[in-house]
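One-letter residues, chain by chain:
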Amino acid sequence: MTSHPSPHLVTLDLAGVADKAALMDRAVAALRLPDWFGRNWDALADSLRDPSVWPPQAVDHGLLVVVTGWQEYARTRPDEWQVAQDVFGQAAAGEPALTVALALG
């Protein structure tokens, strides 16, 4: 039986996030995105699909992004949250080594 290495885990904690700018700030910190990151939805999608900008530990093992604390943001900014979910889903669909999971607790 062949053992596969576990993907690198990154927690994207959105607790206290009130708008898209704060979400982008959290994404930059959690994913250690480069200074040139554009802080918009397209840039986030591109970065999630691009292993060359992932944390080094994720490049050979895959990346698991667990989004926590998202419920308040989803409740107060439903339109933005819908876009965020679309970005996460499309990025994961476009990059087999990426998984994005929403934590319920």
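Our structure's up above, just so we're on the same page.
Residues numbered from 1 in each chain as written. Predicted model: local features only at pLDDT ≥ 70, side-chain atom pairs only at ≥ 80, totals over all residues. Heavy atoms only, no water.

Q: Let's hear about the pairing of strand β2 (residues 63–68): which residues, and what values?
A: Along any regular strand the residues' side chains alternate between the sheet's two faces. Among the 6 residues in β2, 5 count as buried, and that is most of the element. Pairing of strand β1 (residues 8–13) with β2 involves 6 bridges; the strand directions are parallel. Counterpart to Leu12 in the pairing with β2 is Val67. Looking at chain direction, β2 and strand β3 (residues 98–102) are connected through 5 bridges and run parallel. Note that in β3 the partner of Val67 across the bridge is Leu102. (Buried < 20%, exposed > 50% of the residue type's maximum accessible area, 1.4 Å probe, protein only. Helix = DSSP H or I, 4+ residues; strand = E, 2+ residues; numbered from the N terminus. Pairing = 2+ DSSP bridges.)

Q: Give me the lowdown on helix α4 (residues 78–94), citing residues and values where you can.
A: Because an α-helix packs 3.6 residues into every turn, residues spaced three or four apart end up facing the same way. Between the first and last C-alpha of α4 there are 24 Å, a value that for 17 residues agrees with the 24 Å anticipated at 1.5 Å per step. Every buried residue of α4 is accounted for by Glu80, Trp81, Ala84, Val87, Phe88 and Ala91. Viewed end-on, α4 has its buried residues packed into an arc of 120 degrees, placing them on one side of the element. Exposed residues pointing more than 90 degrees away from the buried face of α4 are listed as Asp79, Gln90 and Ala93. On its buried side, α4 packs onto β1, α1 (20–31), α2 (41–49), β2, α3 (71–76) and β3. (Expected span 1.5 Å × (residues − 1). Arc of directions from axis to C-beta. Contact = heavy atoms within 4.5 Å.)

Q: Outline the nonpolar core, listing residues and values.
A: Of all hydrophobic cores here, the largest spans 32 residues; its most connected members are Leu23, Leu44, Leu48 and Trp81. Mapped onto this core, the elements with two or more residues apiece are β1, α1, α2, β2, α3 and α4. The biggest single contributor to this core is α1, with 6 residues. In contact with Leu23, other than residues within four places in its own chain, are Leu14, Val17, Trp41, Leu44, Tyr73 and Ala84. (Core = buried A, V, L, I, M, F, W, Y, C linked by side-chain atoms within 4.5 Å.)

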